Amino acid sequence: MAEAGLFKRRTPGEPLVYSIPAHRSFADALAAGLIAEFGRDPLSLARGRILLPNNRAVRTMTEAFVRASGDGLVLPRLIAIGDPEIGERIGGALDPLDLVDEIPPAIDPLTRQMLLARLMRAEGEGAAEAMRLADALARTMDALAVEEIPASQLIDAVADVPDLAAHWLHAIERFRDVVVRWPALLAERGMIDLADRRSKLLHSIARRWCELPPEGFTIAAGITTSAPAIAAVLAAVSRLDKGAVVLPALSDTRAMPPEEWDALGPDDEGRGEESHPQYHLKRLLHRIGIAREEVRPWRRGGRVSSSAARGRAVINAMASPEFSGKWTRLSPPERRLTGIKTAELPDPATEAQAIAIALREAIESPGQTAALVTPDRELAARVSAHLLRWGIEADDSAGLPLSKTPAGTLLLAIADAAMEMLAPIPLLSLLKHPLVGGEGDERLAWLEAVRSLDLALRGPRPRPGIDGLDERFAAKKADIGWRKVRDAVLPLADSAGRLMTLAAVAETVRELAGSLAGDRAWQGPDGRAAGELLEAIEASVDAKAMATTADDVVPLLRGLMDAMAVRRPYGGHPRIFIWGLIEARLQKADLMILGGMNEDVWPAAPSPDPWLAPQIRRKLGLPGLEFRTGLAAHDFMSALGAPRVLLTRARRDSRSPTVASRLWLRLQAMTGGMTRDQRLERLALELDASATTEPASRPAPCPPVEVRPKRIAVTDLDRLKADPFAFYAKTILKLRQEEPVDAEQSAAWKGTAVHEVLERWFKEDDCDPAKLGPRARAMIEDESIHPMLRALWSPRLMEAIDWIAIEMEGDRAAGRRSLLAESRGEAEVAGVTLHGVVDRIDRMPDGKLAIIDYKTGQAPKPKAVAEGFALQLGLLSLIARKGGFADAKGEAGCHEYWSLAKRNGRFGYRQSPDKDEGAEAFVSRAHAQFAEAAAKWLLGNKPFEAKLNPAYAPYEDYDQLMRLEEWYGRD
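The paragraphs below set out a description of the structure included in this document. All of these numbers come straight from a predicted model, not from anything done at the bench.

Right, let's get into the overall build of the protein chain. Secondary structure assignment for the protein chain yields 39 helices and 22 strands. The C-alpha radius of gyration computed for the protein chain amounts to 38 Å, which surpasses the reference 30 Å derived for 971 residues by more than 25%, pointing to a less compact arrangement than a globule. Each principal axis of the C-alpha distribution contributes one length, and for the protein chain these read about 125 × 65 × 60 Å. Relative to its full complement of 971 residues, the protein chain shows a buried share of 52%.

See below:
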């Protein structure tokens, strides 16, 4: 192209617009064309300027010039027009100093959100909810500002839409109140909205360039936004003597006939097919003032491209529903998508594995590049992790939300631990954070201390605050680890649960982060971003006036961090990339993998506007909710222009089966079925699969007699007989299942708590009936007990406790005397030491003993006793017979379960397991059963077979160890 050719017009002032088709790499083609045009004179290229949509496009265009030049090159000025939706301001070259007095500065987005949140709180919203509503409100206000729609039109629009639901009327009324007051609030601060300022600057630039064209050439490239201000600038650029607009992936008349183009709309009511990938381009051309037929093709190609025939086939696949019937009339070459393959995988993990394999294979060819393009950031993170298997670092160029980075998670962990009053889970999450505890040997010692605290915090939650932790760690003998950590935790306790302003929260979190993590909290891109966020909040006047509650702090901080993307600096693999949709718009790789091709992912589900009903948006002339679907479809169409393309999707996600993307289904419908990469699908499934799958058999370990225990608890006989493997794991392997951290009060906890009450009642109150109730009430009202448990259990417990007091009083009157309670004892029985704790032993009037066991649940069923299980009371009688319980030696005259459970309409009952056979026979049978079991498994060499009697082995503590699911039922 000669210069005259590039800017040649048929008539002066005629708009000049080019289009680079979707099957070419936009940035590379543009760079190649401009270098070919101005390469002979290095300074002529440098005297020009290129307007680009955002800062990411500037970086993409810079890289394209570097690739195309081959050696040194003086670049033209690359200027971003800014994108308010991603928080970008207009480039400095379009914001001249001489407009400072004419156009006020823009209010900072965070400041604006907090100011709007203060207005929201006037209706009683909490701080976190007010900030969320303020964010949505700001987006709606920006939409009006971008489209230059005055707020006064809102009243007319509401009047033109009858029968709006009451909640919409309320929301619109609130919105109208804000937008009416908003200009005055901004004027008080001498500022305007960012979107409004951007529009004013762009209009000013358009007017200036019309009156005084800039020196050198001006190209507006890759800009597809049809906002009035941007359209005005593009219209001005297109009419400059040395100006042109270059659009991406505009369908020409050959690929998209005029009748299809005209059908896109908009119609007389302003409605059009917004979900179509060409709709936004048609809207832009209309505002520039040029017909599609006048748009010229860009003659230069890029480094990577596909065939024009495939590009036309893709455009055919994107046809509107009313024109999709033409697919049946297309010849096979016109429907063929050569170079595009698909892969359907069972789940997201396998999909990520397949994508990683495809990326790894692609770079086997020298010089070849490969890129994953996906709006699914979780999928991108999975792929990045899989690539590390081969030592390939490919960071997601779309970045991570600050809330998911190390620095962000540290701040959230600090806030969570403080606001939750040092609750176990938030506290341990903070103490285990990788930035906390120093480095090297210091970090190892810190983690050893934290592990000891982790074990001590198993079970129900301690009392809130530092005092509750002191009590728990002293009781669990974890003082050494706690002393190492306590000084670091103490500042958290000082701020725990306090009501503070948002600015005070930021200051507190910053100070705590510094004391816990030192300088490491603020290192790296995420640390700097976290520090800047806290600094901005602390300096904000509105944040100093925004009161927060403990429930507000964490969701509020997370919401602010979610809106901040953190990108790592350059340094990843030079030929493998992971792009978001914005990053991929203007560039291509030799292999483009479009991942996550499921509905509501690509395209994403439309985000509803909580302030303006869809009918109101339409009346105002705002883009509809489907507009973004059209943008996503355009991104998809452009990405299909790479030499090789792989489309992937997972058939189900973590919750349910998925539905393939409408874009995927269109390609499948037009082609009759795209080529599947079955080899890649198989590799992804088999890469980590075992060559053989051998299910485990029922375990039956048989250790030598000398290592078998010669000491057994009375409560372990049932386990030994019903599930010998579980007994083996517990007593020989010494394995115990730990309770979860911050566990709910379980049935076992209830039993322990009631036994402690009854023990103290016996030892301290001499079983005074008047004192049992108050003791039980003090236990149930302890602040460490969950309020829900207290409400549900308290009435039942107190009724059962009153029953125990009445029964004890009656037994005393009948001559029974309690000898001991919660007493340990042991005796040698059948060559083995048998030990246990008896809940209570009474001396009966005839001199014999009554062995009593308290149950907070139901007593054992007679059937279990008859089959040789639930013989615990009989075994305790054997110990008592041999004097194992010191002051309570003798023969048992009866055995009783005192259950606090419900029977016959009331809580509390007695049950005797020896009712049918008598106490003596019951004890004899218990002795025989115990002797037989001891001879087999403790003194003999019988294997400890798993689940020997499953009906009496209800506990699942060792099911995973015995690999139960692999063999149970196969025998």
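Bringing the packing of aromatic side chains into the picture now. The geometry of an aromatic ring pair comes down to the distance between the two centres and the angle between the two planes. Within this structure, the stated rule accounts for 14 aromatic pairs. On the numbers, 4.7 Å between centres and 45° between planes, the contact of Phe473 with Trp482 is tilted. What links up through ring pairs into an aromatic cluster is the set Phe725, Phe727, Tyr728 and Phe944. Positioned above the aromatic ring of Trp390 is the side chain of Arg389, whose terminal nitrogen or guanidinium carbon lies 5.7 Å from the ring centre. The residue whose ring lies beneath Arg840 is Trp898, and the NZ or CZ to ring-centre distance is 4.4 Å.

It is worth spelling out helix 38 (residues 919–938) at this point. The terminal C-alpha atoms of helix 38, which comprises 20 residues, lie 27 Å apart, in line with the 28 Å expected from a rise of 1.5 Å per residue. Those residues of helix 38 that fall on the buried side of the exposure criterion are Ala919, Phe922, Val923, Ala926, Phe930, Ala933, Ala934, Trp937 and Leu938. Looking down the long axis of helix 38, one finds its buried residues gathered within 100° of arc, a one-sided arrangement.

As a further point, take the side chain of His895. Counting through the fold element by element, His895 comes out in strand 21 (residues 892–903). Within polar-contact distance, the side chain of His895 engages the side chain of Ser877 at 2.5 Å. Among the polar contacts made by the side chain of His895, one reaches the side chain of Asp914 at a distance of 2.8 Å. Leaving out residues up to four positions away in the same chain, His895 has contacts with Ile851, Leu873, Gly874, Ser877, Gln911, Ser912, Pro913, Asp914, Ala919, Phe922 and Val923.

This paragraph deals with the sheet that holds strand 5 (residues 243–248). Across the sheet, which stays open at both edges, the 6 strands sit in the order 3-2-4-5-1-6 with parallel pairing between neighbours. Two strands lie at the open edges of the sheet, namely strand 3 (77–80) and strand 6 (296–297), each paired on one side alone. Here strand 2 (residues 49–52) pairs with strand 3 via 4 bridges, running parallel. Paired with Arg49 across the bridge in strand 3 is Arg77.

Glancing now at the pattern of salt bridges. Using the criterion set out here, one finds 52 salt bridges in the structure. Between Glu378 and Arg382 there is a salt bridge; the shortest N-O distance is 3.7 Å. Remark: Arg382 and Glu378 occur in helix 16 (residues 377–387); sequence separation between them is 4 residues, near one turn of the helix. Of the residues examined, Arg382 reaches a relative accessible area of 32% and is grouped as partly exposed. Its salt-bridge partner being Arg676, residue Glu681 comes within 2.7 Å of it at the nearest N-O pair. Since its relative accessible area comes to 9%, Glu681 is described here as buried. You can call Arg676 partly exposed: its relative accessible area is 39%.

A packed helix pair is summarised by two numbers, namely the angle formed by the two axes and the spacing between the axes. Here helix 10 (residues 228–238) crosses helix 12 (residues 279–288) at 60°, and the two axes come no closer than 8 Å. As the angle between them shows, helix 10 and helix 12 are arranged oblique. Helix-helix and strand crossings are classified by hand; for helix 10 and helix 12 the assignment is right-handed. Between helix 10 and helix 12, the contacting residues are Pro228, Ala231, Leu234, Ala235 and Ser238 on the first element and Leu284, Arg287 and Ile288 on the second.

Turning next to the side chain of Thr140. Following the sequence through the fold, Thr140 ends up in helix 6 (residues 127–146). At a separation of 3.0 Å, a polar atom in the side chain of Thr140 contacts the side chain of Asp609. Sequence-distant contacts of Thr140, defined by excluding residues within four places in its chain, comprise Phe175, Asp609, Trp611 and Leu612.

Criteria and cut-off values
- Each chain has its residues counted from 1, following the order in which its sequence is written.
- The predicted origin of the model limits local features to residues at a pLDDT of at least 70 and limits the giving and counting of side-chain atom pairs to 80 or more, whereas totals for whole chains, interfaces and linings rest on all residues.
- Only heavy atoms go into the side-chain values, all of them from the structure, while hydrogens and water stay out.
- Strands are runs of DSSP state E lasting at least 2 residues, helices are runs of H or I lasting at least 4, and numbering of each runs from the N terminus.
- For the radius of gyration, the atom set is restricted to C-alpha positions; the globular benchmark scales as 2.2 Å times the number of residues to the power 0.38.
- Exposure categories follow from relative accessible area, calculated using a 1.4 Å probe and restricted to protein chains: below 20% of the type maximum is buried, above 50% is exposed, and the middle band is partly exposed.
- To pair, rings of Phe, Tyr and Trp, with the six-membered ring standing in for Trp, must have centres within 6.5 Å; the planes then decide the type, stacked if under 30 degrees apart, edge-to-face if over 60, and tilted in the middle.
- In our convention, an over-ring charge means Lys NZ or Arg CZ found within 6 Å of a ring centre and within 35 degrees of that ring's normal.
- Expected span of a helix: the number of residues minus one, times 1.5 Å.
- Each C-beta atom gives one direction from the helix axis, and the arc is the one those directions make.
- Throughout this description, a polar contact denotes any pair of N or O atoms lying within 3.5 Å of each other; where both atoms belong to protein, one of them has to be capable of donating a hydrogen while the other can accept it, and for residues adjacent in sequence the pair is counted only when both atoms sit in side chains.
- We call two residues in contact when some of their heavy atoms are within 4.5 Å.
- Following DSSP output, two strands are said to pair if at least two bridges run between them.
- The working definition used for a salt bridge is a side-chain nitrogen of Lys or Arg within 4 Å of a carboxyl oxygen of Asp or Glu.
- Lines are fitted to the C-alpha atoms to define the axes, a helix being fitted only along its stretch in contact, and any angle between axes, read from their N-to-C directions, falls within 0 to 180 degrees.
- Roughly parallel covers angles under 35 degrees, roughly antiparallel covers those over 145, roughly perpendicular covers 65 to 115, and oblique covers all other angles.
- It is the rotation of the near helix from the far one that decides the hand of a crossing: anticlockwise by less than a right angle makes it left-handed, clockwise makes it right-handed.

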